[in-house]
Amino acid sequence: MNELAFFVQQIINGLSIGIIYALMAVGLTLIFSIMDVLNFAHGELFMLGAYFCYWSMHLIGLPFILSLVMGILVVACISTVIERLVFRPIRGNLVASIMASLGLMFVLQTTASLAWGTISRSMHSPFKASVLRLGTLFIPYDRLFAILASLSLFFGLWWFIQKTRMGKAMRATSINREAALIKGIDIDKVYMVTFTLAGALAASAGGILGSIYSVAPDMGLLPLLKSIAVIIVGGLGNIPGAVVGGCIIGLSEALGAAYFSANYRDIYCFVILVAVLLVRPQGLLSGWKR
Amino acid sequence: MKKKKVFITMTIVSLLFCLAITWGGLEIALAKDNTILIGVLNPMSGRVSRLEPYSIGAVKLAIKEINEKGGINIKGKSFKLDYKEYDTECRPEVGVAAAERLIEKDKVAFILGGICSSVTLAVMKVTERTMVPQITAVSTHPKITDPKYRHDYMFRNKDTDKMRIKYISRDMAEDLKIKSVALIGPNDDFGLGRSDAYKKTLTSKGIKVLETVLFNPKQEDFLIELQKIKRNDPEALILCVNAPEHCELLARQARQVGFKKIIGSASCSSIKLAKKLGEAGEGFMFELPFYVSPKVPHVYQWAKKFKEMNGIEPNFVSAPSYDAVYAIAEAIKNAQTATNLKAIRDAFAKISIKGVYSYPDFVLSFDENGQAQVASGIGMFKGGKIVPITGAYAGK
């Protein structure tokens with residue numbers, strides 16, 4: 001593989017990692033922009049998505065795609081319950097919502113450890129080790145699936161927010177909550193749909209990444225930290241910003257690992273975060289409309 | 001009057017409760033008097049925890065068999081064998097705390113463990129200080145039985161990295177005719193020990209080691225590291241990994257990058273891995289220190305019993321763990337004491353029993369450094385099955 005091909009290969013690697021970070025970060029930023037909540041339990045919804053996908057495959061015997069859908073649906077239901085029981089009673093209290101999400105993070109992680117053990121599990125990936133080769137370049141099918149599934153979900157989310165009545169209500173609420181209330185928008189419903197959608201996005205990221213790597217109760221922590229970096233880099237509460245931020249973080253990891261040292265791959269994203277905070281603290285795409 | 005009745009009833013209930021607890025406690029104390037405890041240190045959580053069922057399954061089977069045969073007879077009195085297992089999380093500090101608990105609280109006669117070399121090395125300091133005999137049936141780090149570092153109470157019925165690598169390197173050079181390799185492993189005691197041992201031995205056999213890559217033990221994505229290695233075009237890739245999960249991730253990703261010859265460590269010698277990798281697993285090679293063959297009846301029968309009891313096929317962790325428990329029981333019987341740990345240690349050092357690990361006619365005994373002499377070979381996935389291609393099980 002020559003130097004140019006190696007570089008292009010790293011771009012492919014970076015984008016395939018970054019798009020998953022973006023998928024997770026979009027849910028996080030959606031909750032933040034509409035509900036003003038930074039949900040630290042988002043990583044646990046990611047973990048639950050991976051587990052339910054795993055169990056659907058290994059206990060019920062569903063194929064991977066159906067298992068993924070099952071995981072997303074179950075976590076969406078759990079998210080609805082969480083919003084109703086945990087976040088709705090403390091709405092408007094930022095400190096309480098942060099504490100509640102932190103508490104929820106520990107509760108969900110401990111419950112998963114107790115229920116399923118701390119042994120990491122691996123899914124029988126339908127893609128095995130197959131790759132799509134383009135000359136000297138290649139992309140594993142599992143990562144190609146991750147990219148295509150993420151892009152489909154982004155498109156679906158964009159369509160939902162732009163074209164549906166509920167999507168418009170969500171946008172209105174994120175711009176001005178009081179005005180939305182005056183216009184008769186059901187805020188409770190908006191919050192519930194937002195949290196459910198975000199949970200479903202986290203679960204889809206968990207199911208997809210769980211099929212590439214492994215599934216364990218603590219698998220959500222690092223993706224959560226990286227997602228927080230992603231949404232700060234892209235601009236808090238900004239959905240296109242989260243996608244761009246995810247790609248930047250993914251590329252920084254791939255190129256850093258390839259040309260500097262692979263041992264610091266988890267640190268590069270935080271270096272980018274510090275750089276963005278110094279140069280443009282409001283985030284790279286903060287000028288864009290939500 | 002009513003209050004008085006309630007008071008008397010509560011007093012009687014409390015007394016009965018206290019009596020029940022005391023009686024139960026006495027029973028436990030009496031049971032302890034007739035029971036000899038072996039302390040087991042295993043990673044029950046974390047990445048290497050997938051190996052734990054194979055270790056504890058073997059311990060349970062050996063203890064069950066020994067107790068069914070009447071236990072251990074010491075000066076005419078029969079003692080039952082039992083075990084107490086603690087989680088090390090494959091972390092040295094957790095392993096040390098667990099070892100101290102086993103010695104101080106549970107008063108164990110022997111410690112079996114740990115699986116992770118870093119834990120075994122850390123626990124050795126505790127067993128040296130407290131003079132409690134310890135055996136590891138899994139850790140392969142050279143320091144464990146190196147005369148410079150070891151202590152008199154430390155034993156191992158598993159090959160060292162050096163011994164294992166001696167056989168594997170010879171087979172790679174002479175049987176597989178490999179000319180150049182790259183090494184990849186986690187940046188921990190196992191990865192460092194194994195890659196160092198490989199580098200020295202392979203070079204002495206005329207095989208070029210083009211690159212050694214160490215990664216963060218928590219890492220799961222290796223595509224970039226593997227692509228960097230591939231640019232040097234080594235003939236084979238050697239996985240210096242202890243966690244089965246790393247085997248799976250690295251084997252799959254190495255195939256994606258285009259590596260044809262991959263040689264994993266013993267933790268890759270699992271039929272489950274062959275199933276998970278599917279076609280990509282065909283031709284995948286690994287160190288094979290243990291193999292169940294119908295040609296070796298005592299091992300074959302033992303493997304059947306193990307599967308019946310535990311529901312899983314035994315592996316390179318189960319066999320030496322099983323032998324270790326039998327060796328401990330034999331040493332206690334020979335020493336004729338359950339409490340004099342020095343006498344148990346001395347009897348253990350002189351042990352000589354037929355084991356199920358590692359090669360067909362293996363007899364377990366220890367040299368002056370507490371090290372058993374174990375041979376190994378190379379195996380391969382062929383048609384979804386494990387096939388020995390070099391070493392004693394391949395008839396070489």
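As the structure is a computational prediction, the values presented were derived from the model and not from experiment.

Undergrad: Just to check I follow, could you spell out the sheet that holds strand S5 (residues 134-136) of chain B for this structure?
TA: Residue and element names in this part refer to chain B. Strand order in this open sheet of six strands is S2-S3-S1-S4-S5-S6, and the pairing throughout is mixed. At either margin of the open sheet sits one strand with a lone partner, and together these are strand S2 (72-74) and strand S6 (154-156). The sheet shows a mean angle of 30° between the axes of neighbouring strands, direction not considered. Two strands pair when backbone bridges link them, and strand S1 (residues 35-42) and strand S3 (residues 77-87) are joined in this way by eight bridges, in the parallel orientation. Paired with Ile38 across the bridge in S3 is Tyr83. Here helix H4 (residues 117-130) sits on the sheet in contact with S1, strand S4 (110-113), S5 and S6, set at roughly 170° to S5. The strands that helix H11 (residues 318-335) touches are S1, S2, S3, S4 and S5; relative to S2, the one it contacts most, it runs at about 20°.

Undergrad: What am I meant to see in the sheet that holds strand S10 (residues 261-264) of chain B here?
TA: Sheet strands pair via backbone hydrogen bonds, and the direction of the pair is either parallel or antiparallel. Residue and element names in this part refer to chain B. Strands sit in the order S8-S7-S9-S10-S11-S14-S15 across an open sheet of seven strands; the sheet is mixed. Only two strands of the sheet have a single partner each, and these edge strands are strand S8 (208-215) and strand S15 (385-388). Taken over all neighbouring pairs, the strand axes of this sheet differ in orientation by 25° on average, direction set aside. Two strands pair when backbone bridges link them, and strand S7 (residues 180-186) and S8 are joined in this way by seven bridges, in the parallel orientation.

Undergrad: Sorry if this is basic, but what is going on with the domain arrangement of chain B here?
TA: Note: interface size is frequently given as the accessible area lost on complex formation between the parts. All names here are of chain B. You can read the domains of chain B as domain 1 (34-159 + 295-365) and domain 2 (162-288 + 378-394). Just the C-alpha atoms count here: the centres of domain 1 and domain 2 sit 28 Å apart. Of the residues lining the interface, 20 residues belong to domain 1; the matching set on domain 2 comes to 23 residues. Summed over the shared surface of domain 1 and domain 2, the number is two salt bridges. When the shortest N-O distance is used, the salt bridge between Arg50 and Glu248 registers 3.6 Å. Across the domain 1-domain 2 interface, the total number found is two residue pairs in polar contact (both at pLDDT 80 or more). In terms of residues, the side of domain 1 that touches domain 2 owes the most to one element, H4, which gives three residues. Taken together, the residues of the side of domain 1 that touches domain 2 sort by class into 11 nonpolar, five polar and four charged.

Undergrad: So what exactly am I meant to see when it comes to the pattern of salt bridges here?
TA: Where charged atoms from two side chains of opposite charge come close, those side chains can pair. Residue and element names in this part refer to chain B. Tallying each qualifying case throughout the model produces 30 salt bridges over all chains. Asp106 is the salt-bridge partner of Lys105, the closest N and O atoms lying 3.9 Å from each other. In this structure, the salt-bridge partner of Glu313 is Lys307, at a minimum N-O distance of 3.3 Å. You can call Glu313 partly exposed: its relative accessible area is 44%. Overall, the relative accessible area of 38% leaves Lys307 in the partly exposed class.

Undergrad: What is the right way to read the state of the cysteines from this model?
TA: Residues and elements named next belong to chain B. Enumeration according to the criterion identifies two disulfides over all chains in this entry. Covalently, Cys90 is tied to Cys116 through a disulfide, its sulfur atoms 1.9 Å apart. Disulfide Cys90 to Cys116: torsion about the S-S bond roughly -120°, handedness left-handed. Separated by 26 residues along the polypeptide, Cys90 in the loop between S3 and helix H3 (92-104) and Cys116 in the loop between S4 and H4 bring together distant segments of the chain.

Undergrad: Where do I start with the side chain of Asp221 of chain B in this structure?
TA: Tracing the backbone through its elements, the reader meets Asp221 of chain B in the loop between S8 and helix H7 (223-230). Using a relative accessible area of 8% as the deciding quantity, one classes Asp221 of chain B as buried. The contact partners of Asp221 of chain B, leaving out residues within four places of it in the chain, are Ile17, Arg143, Tyr213 and Arg265 of chain A together with Gln253 of chain B.

Undergrad: Can you help me understand the packing of helix H2 (residues 42-60) of chain A against helix H4 (residues 94-116) of chain A in this one?
TA: Geometry of a packed helix pair, given as the angle between the helix axes and the separation of the axes. Residue and element names in this part refer to chain A. Packing of H2 against H4 brings their axes to within 10 Å, and their N-to-C directions diverge by 25°. Between H2 and H4, the crossing angle belongs to the class labelled roughly parallel. The hand of the H2/H4 crossing is left-handed. Of H4, the residues touching H2 (which contributes Glu44, Met47, Leu48, Tyr51, Phe52 and Trp55) are Met105, Leu108, Gln109, Ala112 and Trp116.

Undergrad: Please clarify how the packing of aromatic side chains should be interpreted in this entry.
TA: We describe a pair of aromatic rings using the distance from one ring centre to the other and the angle between the two ring planes. Residue and element names in this part refer to chain B. According to the stated counting rule, one finds 22 aromatic pairs over all chains in the structure shown. A centroid spacing of 4.8 Å and a plane angle of 50° characterise the contact between Phe286 and Phe381, whose relative ring orientation is tilted. Here Phe286, found in strand S11 (residues 285-288), pairs with Phe381, found in strand S14 (residues 377-382); they are 95 residues apart in sequence, far enough to count as distant. Exposure class is identical for Phe286 and Phe381. Each is buried. An aromatic cluster is built from Phe290, Trp302, Phe306, Tyr322, Tyr326 and Tyr357, whose rings are joined through pairwise contacts. When the ring centre of Tyr86 is taken as reference, the NZ or CZ atom of Arg101 above it lies at 4.2 Å. Over the ring of Tyr167 we find Lys166; its NZ or CZ atom is 5.1 Å from the centre of that ring.

Parameters at a glance
- Every chain begins its residue count from 1, and numbering advances along the sequence as written.
- Throughout, the order in which chains and ligands are written sets their labels, letters from A for the former and numbers from 1 for the latter.
- Local features in this predicted model are restricted to residues whose pLDDT is 70 or higher, and side-chain atom pairs enter the listing and the counts only when it is 80 or higher, whereas totals over whole chains, interfaces and linings include all residues.
- Hydrogens and waters are ignored; side-chain quantities use all the structure's heavy atoms.
- In this description, strands pair whenever DSSP reports at least two bridges between them.
- Numbering of helices and strands runs from the N terminus; a helix is a DSSP stretch of H or I covering at least four residues, while a strand is a stretch of E covering at least two.
- For helices, the fitted line uses only the C-alpha atoms of the stretch in contact; every axis is such a line through C-alpha atoms, and the angle between N-to-C directions lies from 0 to 180 degrees.
- Contacts are residue-level and defined by heavy atoms, with any inter-residue pair within 4.5 Å sufficient.
- An automatic or database domain assignment is the source of the domain bounds shown.
- We define a salt bridge as a contact between a side-chain nitrogen of Lys or Arg and a carboxyl oxygen of Asp or Glu at a distance within 4 Å.
- Polar contact is the term for a pair of N or O atoms within 3.5 Å; when the atoms are in protein, one must be able to donate a hydrogen and the other to accept it, and sequence-neighboring residues count only if both atoms are side-chain atoms.
- Polarity classes work like this: nonpolar for Ala, Val, Leu, Ile, Met, Phe, Trp, Tyr, Cys and Pro, charged for Asp, Glu, Lys and Arg, and polar for all others, with Gly in that last group.
- The cut-offs for exposure are 20% and 50% of the maximum accessible area for each residue type, with area from a 1.4 Å probe on protein chains only; residues under the lower value are buried, those over the upper are exposed, and the others partly exposed.
- We call a pair of cysteine sulfur atoms a disulfide when they lie within 2.5 Å.
- Should an angle fall under 35 degrees it is called roughly parallel, over 145 degrees roughly antiparallel, and 65 to 115 degrees roughly perpendicular, with every other angle called oblique.
- Note on convention: the crossing is left-handed when the near helix lies turned anticlockwise from the far helix by less than a right angle, right-handed when the turn is clockwise.
- Pairing of aromatic rings covers Phe, Tyr and Trp, the last counted by its six-membered ring, and requires centre-to-centre distances within 6.5 Å; plane angles under 30 degrees mean stacked, over 60 mean edge-to-face, and any other angle means tilted.
- Counted as over-ring charges are cases with an Arg CZ or a Lys NZ within 6 Å of the ring centre that also lie within 35 degrees of the ring normal.

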